[in-house]
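# Structural characterization, general
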Amino acid sequence: MALVLHPRVEHYPLLGSPWPVVLIIALYLKFVQNWGPWVMENRKPFCLKTVMNVYNFTQIVLNVYIGTTGIYNSIFADDYDWVCEPINQKSSPARRKLLFVTYLYFLSKIVDLLDTVFFVLRKKNNQITFLHIYHHAGMVFATYIFTKFVSGSHATLLGLINSWVHVIMYFYYFLTSFRPELKNSLWWKKHITQVQLIQFLILMVHFGLPLVFGYCNYPVYLLFIGFTQNVFMFTLFADFYVKAYIKKRKPKSVTS
């Protein structure tokens with residue numbers, strides 16, 4: 001099944017040629033890996049508390065809107081089948097609303113790139129890991145493809161779940177700006193990572209079952225990409241979880 005541009009979304013900015021999106025990703029990678037660290041090398045970290053409070057609060061509101069509106073117009077809509085929703089050109093009011101929040105979800109992934117920019121400007125380079133950069137850059141391109149070609153289809157569940165995960169994450173960031181002592185609480189960090197792992201497990205099942213049993217008229221290669229990508233992300237997050245919360249540090253020997 002060939003991917004065909006949805007005429008219902010082609011008028012949205014950034015959904016035309018892929019080159020603007022590729023340029024955004026390239027500039028992001030260049031800044032966080034080269035330009036940013038070079039500029040900040042001999043400078044003190046910026047204090048961005050107010051900027052980040054506004055950013056985190058905006059992210060909470062945006063993701064709550066995407067999550068609630070998306071659920072209402074997909075899982076609870078009469079023309080949507082969450083077990084198997086093939087690629088289609090439905091144009092009901094609920095479907096048009098779902099396409100709009102899908103586009104907002106794509107834009108939110110571009111906004112998410114500021115997470116890393118803030119790390120660079122605050123000189124929190126230890127948090128700029130391969131997992132972090134790969135996830136942020138990859139999500140921009142993946143959501144571009146999804147929004148442009150397969151909006152409102154089987155992969156919609158990914159955006160819905162991920163939006164609520166981001167509500168939890170950004171609420172934690174917003175809360176710790178007022179209660180910094182929570183940053184050292186493993187309870188919060190541990191359970192946020194657990195929520196992320198559950199997210200990937202659900203999506204592995206969501207993409208994996210129709211891939212194995214073939215009950216959904218959805219491109220096999222998209223099911224395969226969705227399944228393997230979530231397996232990969234689960235593996236990376238599980239590795240982080242084990243190292244951060246399960247493996248105990250060996251006590252240092254005391255010498256006299």
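Keep in mind that what you see is a predicted model, and the values were worked out from it rather than measured.

### Comments concerning the overall build of the protein chain
Within the protein chain one finds 8 helices and 0 strands. Starting at the N terminus, the α and β elements of the protein chain follow one another as α-α-α-α-α-α-α-α. Taking 256 residues into account, the globule formula puts the C-alpha radius of gyration at 18 Å, and the protein chain, at 20 Å, falls close to it. Judged by the C-alpha coordinates and their principal axes, the protein chain covers about 70 × 35 × 30 Å. The buried share of the protein chain, taken over its 256 residues, is 44%.

### Focus: the packing of aromatic side chains
Scanning the entire structure with this criterion turns up 16 aromatic pairs. On the numbers, 5.8 Å between centres and 85° between planes, the contact of Tyr55 with Tyr170 is edge-to-face. Of this pair, Tyr55 sits in helix 2 (residues 49–72) while Tyr170 sits in helix 6 (residues 156–178); the two residues are 115 residues apart in sequence, bridging distant segments of the chain. Summarising the aromatic geometry, the rings of Tyr170 and Tyr173 are spaced 5.6 Å apart at their centres and angled 80° between planes, so their arrangement reads as edge-to-face. Taken together, the residues Tyr170 and Tyr173, both in helix 6 and 3 residues apart, mark about one turn of the helix. Cluster of aromatic residues (ring-pair linked, three or more members): Tyr12, Phe100, Tyr103, Phe106, Phe141 and Tyr144.

### Some details on the side chain of Thr147
If you trace the backbone, Thr147 turns up in helix 5 (residues 130–149). The class of Thr147 is buried, set by a relative accessible area of 1%. A polar side-chain atom of Thr147 sits 2.7 Å from the main-chain carbonyl oxygen of Thr143. For Thr147, the contacting residues outside a window of four places in its chain are Val9, Leu15, Thr102, Tyr103 and Phe106.

### Brief notes about the pattern of salt bridges
Two side chains that carry opposite charge are able to pair once their charged atoms sit near each other. Scanning the entire structure with this criterion turns up 4 salt bridges. For the salt bridge of Asp112 with Lys109, the shortest nitrogen-to-oxygen distance reads 2.8 Å. Through salt bridges with shared partners, a single network forms among Asp79, Glu85 and Arg95.

### Here we look at the UniProt feature "transmembrane region" (unreviewed entry) in the protein chain
The feature "transmembrane region" (unreviewed entry), as annotated in UniProt, sits at residues 12–32, 53–72, 98–121, 133–151, 157–175, 195–215 and 221–242 in this numbering. With 67% helix and 0% strand, the stretch residues 12–32 has end C-alpha atoms that lie 28 Å from each other. Here residues 221–242 runs as 100% helix and 0% strand, with 31 Å between its end C-alpha atoms.

### Some words on unusual backbone geometry
Even without being glycine, Leu14 reaches a positive phi, approximately 75°. Among the structural elements, Leu14 can be located in the segment before helix 1 (19–40). Owing to a relative accessible area of 30%, Leu14 belongs among the partly exposed residues under this scheme. Unlike most non-glycine residues, Lys123 shows phi in positive territory, near 60°. Examined against the element boundaries, Lys123 turns out to sit in the loop between helix 4 (114–121) and helix 5.

What counts, and at which threshold
- Counting starts from 1 at the beginning of each chain's written sequence and moves along it residue by residue.
- Since the coordinates come from a predicted model, pLDDT governs what is reported: local features require at least 70, and pairs of side-chain atoms require 80 or more to be given and counted, while whole-chain, interface and lining totals use all residues.
- Just so you know, side-chain values use all the structure's heavy atoms and leave hydrogens and water out.
- Secondary structure elements are defined from DSSP: runs of H or I of at least 4 residues count as helices, runs of E of at least 2 residues count as strands, and each element is numbered from the N terminus.
- Our radius of gyration is a C-alpha quantity, and the globule rule it is checked against amounts to 2.2 Å times the number of residues to the power 0.38.
- A 1.4 Å probe rolled over the protein chains alone gives each residue an accessible area, and that area as a share of the maximum for its type sets the label: buried under 20%, exposed over 50%, partly exposed in between.
- Think of it this way: a Phe, Tyr or Trp ring, Trp meaning its six-membered ring, pairs with another when their centres are within 6.5 Å, and the plane angle makes it stacked under 30 degrees, edge-to-face over 60, tilted otherwise.
- As used in this structure description, the phrase polar contact means that two N or O atoms lie within 3.5 Å; if the pair is within protein, one of them must be able to donate a hydrogen and the other to accept it, and residues adjacent in sequence are counted only when both atoms belong to side chains.
- Only heavy atoms matter for contacts: two residues are in contact if any of them lie within 4.5 Å across the pair.
- Here a salt bridge means any side-chain nitrogen of Lys or Arg lying within 4 Å of a carboxyl oxygen belonging to Asp or Glu.
- UniProt positions are given in the numbering used here, feature names are shortened, and annotations may be inferred rather than shown by experiment.

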